[in-house]
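As a plain string of letters, each chain reads:
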Amino acid sequence: MRMIHVIPGLEVRGGGGNRACAELCESLALLGHQVSLYHVGAGDEPCFAPKGVEVRRFPSVLLHRYAYSPALNACLASEVAKADLVHIHALWQYPGLAASRAARAHRVPYVVQPHGSLHPWKLRHKAWRKWLYGRLIERRVLQGAAFVHVESEADACDVLAYLPTARVVTSPCGTFPEVFDDPGPQDYLAKRWPALAGKICILYLARIDVNKGLDLLLYAFAKLAPGRPDLALLIVGPDYSKTTRRMQRLSDALGVSDRVVWGGMVSEQERIWVLRQSDGYVLPSLSENFGISVLEAMFCEKPVITTTATPWAELATAGAGYVVAPEADAIFDALERLVSQPLSSRAEMGRRARRLALAKYDWRAIARKLSRHYEEAVAATGRQGVKP
């Protein structure tokens, strides 16, 4: 099957959504599909580069945040006619509109994957713009989709609340387990950040953004830190919402600036080493349709603390972590319980996390199941899509 995936941007700093798109495309190519991935961007910023996939980057013009690109539009007008299916990633930007128009014009079925864009928390951000854009454009895009691809049941509920008539297919994100086998150089964390030497390292690895709940984690850590001089908090991730400085001022005000290490952005390989050598992972999000970083921590055998605003309730059921309310006191309680356990108990929680991840979140199995939904969408149009 020839398919075209379209996403506003593929920059590494874009985090889990961009990574998931790239890795899904690579997984589909491994199955024998002919996959093209189109995205919009400017400059030479590092982007994900999935293997076996034709990746094309188109320049944006004027409305850069909207990812407006006449060059992308022109390409879609000719290339979509040769495709069996189009998969649109993310909402509220021009590439989705252009791809859906081209697909309808050529009677090619298309799929829309919101990547959490319809969560109530996100709909409240720039609410009037999204209300207007939804009325004029986005609802029609969603209505015309062969199906809406969501990554969790919570994500499905958000889509159906926004458009009750949507046909929803739930298929999670995944990863490639073998990527996480490299433990990295011995004592990498302490050598890279000497303040971590001899400490139990609690890790936050995600975008530094307002919806990630980093302030809640800082409040919780500040409550725990006085009685636990053996603890340190490592915060790693890109910041393109200019949130870091505000969070640093908060850690200063809370009196824990000497116990919080701001690691900035690390390379793809270093990201794995950081996960492998930390002692526990925390994602205190206020809004999360999936949470790729949680899955990566699981593959690295780390116990996880996250919130009920993420779709990871199964962590608690499996005894692989704690899932608590997105509140500072609840996160404090979970942190205290985690670090009070002996090392052997934390290690066992991490092993349970990896077993759960291996059972459900390998990209190759996920891509096979999603391919069947693609084939059904193509068959429903009467087109003769070629199976790999």
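One can find the structure itself at the top, above this paragraph.
Described in the following lines is the structure provided in the data block. Keep in mind that this is a model prediction, so the values were computed, not measured. (Residues numbered from 1 in each chain as written. Predicted model: local features only at pLDDT ≥ 70, side-chain atom pairs only at ≥ 80, totals over all residues. Heavy atoms only, no water.)

Things to note about the environment of Leu136
Worth spelling out the cut-off: Put simply, DSSP H or I for four residues or longer makes a helix, DSSP E for two residues or longer makes a strand, and each gets a number counted from the N terminus. Only protein chains enter the accessibility calculation, which uses a 1.4 Å probe. A residue is then buried if its area is under 20% of the maximum for its type, exposed if over 50%, and partly exposed in between.
As for its placement among the helices and strands, Leu136 is situated in helix α5 (residues 127–143). Exposure remark for Leu136: the relative accessible area of 63% places this residue in the exposed category.

Thoughts on the pattern of salt bridges
Test applied: We define a salt bridge as a contact between a side-chain nitrogen of Lys or Arg and a carboxyl oxygen of Asp or Glu at a distance within 4 Å.
As enumerated under the stated definition, the model contains 21 salt bridges in all. Salt-bridge contacts for Glu288 lead to Lys212; the nearest nitrogen and oxygen are separated by 3.0 Å. Of this pair, Glu288 sits in the loop between β11 (280–283) and α11 (292–299) while Lys212 sits in the loop between β8 (200–205) and α8 (214–224), placing them 76 residues apart in sequence. In this structure Glu288 comes out as buried when scored by relative accessible area, which is 11%. Among the ionic contacts, a cluster of salt bridges with common partners joins Arg19, Glu268, Arg271 and Glu296.

Re the packing of aromatic side chains
Heads up, the condition is: Each aromatic pair joins two rings of Phe, Tyr and Trp (for Trp, the six-membered one) with centres within 6.5 Å, and gets the label stacked for planes under 30 degrees apart, edge-to-face for over 60, and tilted for any other angle. The rule for a charge over a ring is simple: NZ of Lys or CZ of Arg within 6 Å of the ring centre, and within 35 degrees of the ring normal.
Counted according to the given criterion, the structure contains 13 aromatic pairs. Centre to centre, the rings of Tyr68 and Tyr94 are 4.8 Å apart; their planes meet at 70°, and the pair counts as edge-to-face. One end of the pair, Tyr68, is in the loop between β3 (54–58) and α2 (70–79); the other, Tyr94, is in helix α3 (residues 94–105), and 26 residues separate them in sequence. Through successive ring pairs, a cluster of aromatic residues spans Tyr66, Tyr68, Trp92, Tyr94, Tyr133 and Tyr162. Here the basic side chain of Arg139 rests over the ring of Tyr162, its NZ or CZ set 4.0 Å away from the ring centre.

Describing the nonpolar core
Our working definition: Each nonpolar core is a collection of buried residues, namely Ala, Val, Leu, Ile, Met, Phe, Trp, Tyr and Cys, held together in the definition by side-chain atoms within 4.5 Å. Contact between two residues is taken to exist if any of their heavy atoms lie within 4.5 Å; hydrogens are not considered.
If you look at the biggest cluster of nonpolar residues, it comprises 97 residues, and the most contacted ones within it are Trp193, Leu234, Val274, Tyr281, Met298, Leu335 and Tyr374. Ranked by residue count, the leading element in this core is α8, at eight residues. Beyond its immediate stretch of four places on either side in the chain, Leu234 contacts Leu189, Trp193, Leu196, Cys201, Ile202, Leu203, Tyr204, Val261, Gly263 and Val274. Leu76, Ile88, Trp92 and Leu163 belong to the second-largest nonpolar core, a separate cluster that totals 36 residues.

What to know about helix α15 (residues 363–380)
Put simply, the test is: To estimate how far a helix should reach, multiply one less than its number of residues by 1.5 Å. Note that the arc is defined by the directions from the helix axis to the C-beta atoms. In protein, a polar contact means a hydrogen-donor-capable atom and an acceptor-capable atom, both N or O and within 3.5 Å, with residues adjacent in sequence counting only if both atoms are side-chain atoms; elsewhere, any N or O pair within 3.5 Å suffices.
For α15, spanning 18 residues, the distance from its first C-alpha to its last is 26 Å, which sits close to the expected 26 Å at 1.5 Å a residue. What α15 keeps buried is the set Trp363, Ile366, Ala367, Leu370, Ser371, Tyr374, Ala377 and Val378. Angularly, the buried residues of α15 cover 140° about the axis, an arc narrow enough to put them on a single face. Among the exposed residues of α15, those pointing more than 90 degrees away from its buried face are Lys369, Ala379 and Ala380. Buried residues along α15 sit against β1 (2–7), α1 (16–30), β4 (85–89), β5 (110–113), β6 (147–150) and α14 (343–360). Regarding α15, its N-cap is Asp362, as a side-chain oxygen of that residue lies 3.0 Å from the backbone nitrogen of Arg364 further along.

Let's talk about a nonpolar patch on the surface
The line we're drawing: For patch building, the residue pool is restricted to those with more than 30% relative accessible area and no salt bridge; the joining distance is 9 Å between like charges and 5 Å between nonpolar side chains (Val, Leu, Ile, Met, Phe, Trp, Tyr). Residue-level accessible areas treat just the shown protein chains as cover; the underlying method is Shrake-Rupley with a 1.4 Å probe.
Side chains of Trp128, Trp131, Leu132 and Leu136 sit close together on the surface and give an oily, nonpolar patch of about 530 Å² of accessible area. In this structure, Trp131 sits in helix α5. For Trp131, a relative accessible area of 56% corresponds to the exposed category.

A short note on the packing of α2 against α3
Put simply, the rule reads: Axis definition: a line fitted to C-alpha atoms, over the contacting stretch in the case of helices. Angles run 0 to 180 degrees between N-to-C directions. An angle below 35 degrees is read as roughly parallel, one above 145 as roughly antiparallel, one from 65 to 115 as roughly perpendicular, and any other as oblique. Each helix crossing is assigned a hand: it is left-handed if the near helix lies turned anticlockwise from the far helix by less than a right angle, otherwise right-handed if that turn is clockwise.
Running from N to C, α2 and α3 cross one another at 20°; their axes reach a closest spacing of 9 Å. On the basis of the axis angle, α2 is roughly parallel to α3. The crossing of α2 and α3 is right-handed. Residues Leu72, Asn73 and Leu76 of α2 form the contact with α3, whose own contacting residues are Tyr94, Pro95, Ala98, Ala99 and Ala102.

Quick look at the sheet that holds β4
Condition: For two strands to pair, DSSP has to find at least two bridges joining them.
With respect to topology, seven strands assemble into an open sheet ordered β3-β2-β1-β4-β5-β6-β7, the strand pairing being parallel. The outermost strands of the open sheet, each flanked by one partner alone, are β3 and β7 (168–170). Put simply, the sheet's adjacent strands are angled 20° from each other on average, direction ignored. For β6 and β7, the ladder comprises three bridges, and the chain directions are parallel.

Structural notes on unusual backbone geometry
Positive phi values are uncommon outside glycine, yet Leu62 reaches one of about 65°. Position of Leu62 among the secondary structure elements: in the loop between β3 and α2. A relative accessible area of 72% means that Leu62 is categorised as exposed. A positive phi angle is found at Ala90, which is not glycine, with a value near 80°. Inspection of the secondary structure puts Ala90 in the loop between β4 and α3.

Description of the sheet that holds strand β12 (residues 304–307)
Pairing in this open sheet of six strands is parallel, and the strands run β10-β9-β8-β11-β12-β13 from one edge to the other. Of all strands in the sheet, those bounded by a partner on one side alone are β10 (260–264) and β13 (321–324). The average angle at which neighbouring strand axes cross in this sheet is 20°, direction not considered. Note that β8 and strand β9 (residues 231–236) share six bridges and pair parallel.

What to know about the state of the cysteines
To keep it simple, the criterion reads: The definition used for a disulfide is geometric: two cysteine sulfur atoms within 2.5 Å.
Under the defined criterion, the tally for this structure stands at zero disulfides. Left unpaired, Cys21 is separated from the closest cysteine sulfur, that of Cys25, by 4.5 Å. A relative accessible area of 1% means that Cys21 is categorised as buried.

Re the environment of Thr170
Take Thr170: it is sitting in strand β7. For Thr170 and Ala156, which are 14 residues apart along the polypeptide, the C-alpha to C-alpha distance reads 7.1 Å. Beyond its immediate chain neighbours, meaning those up to four positions away, Thr170 contacts Val150, Glu151, Ser152, Glu153 and Ala156.

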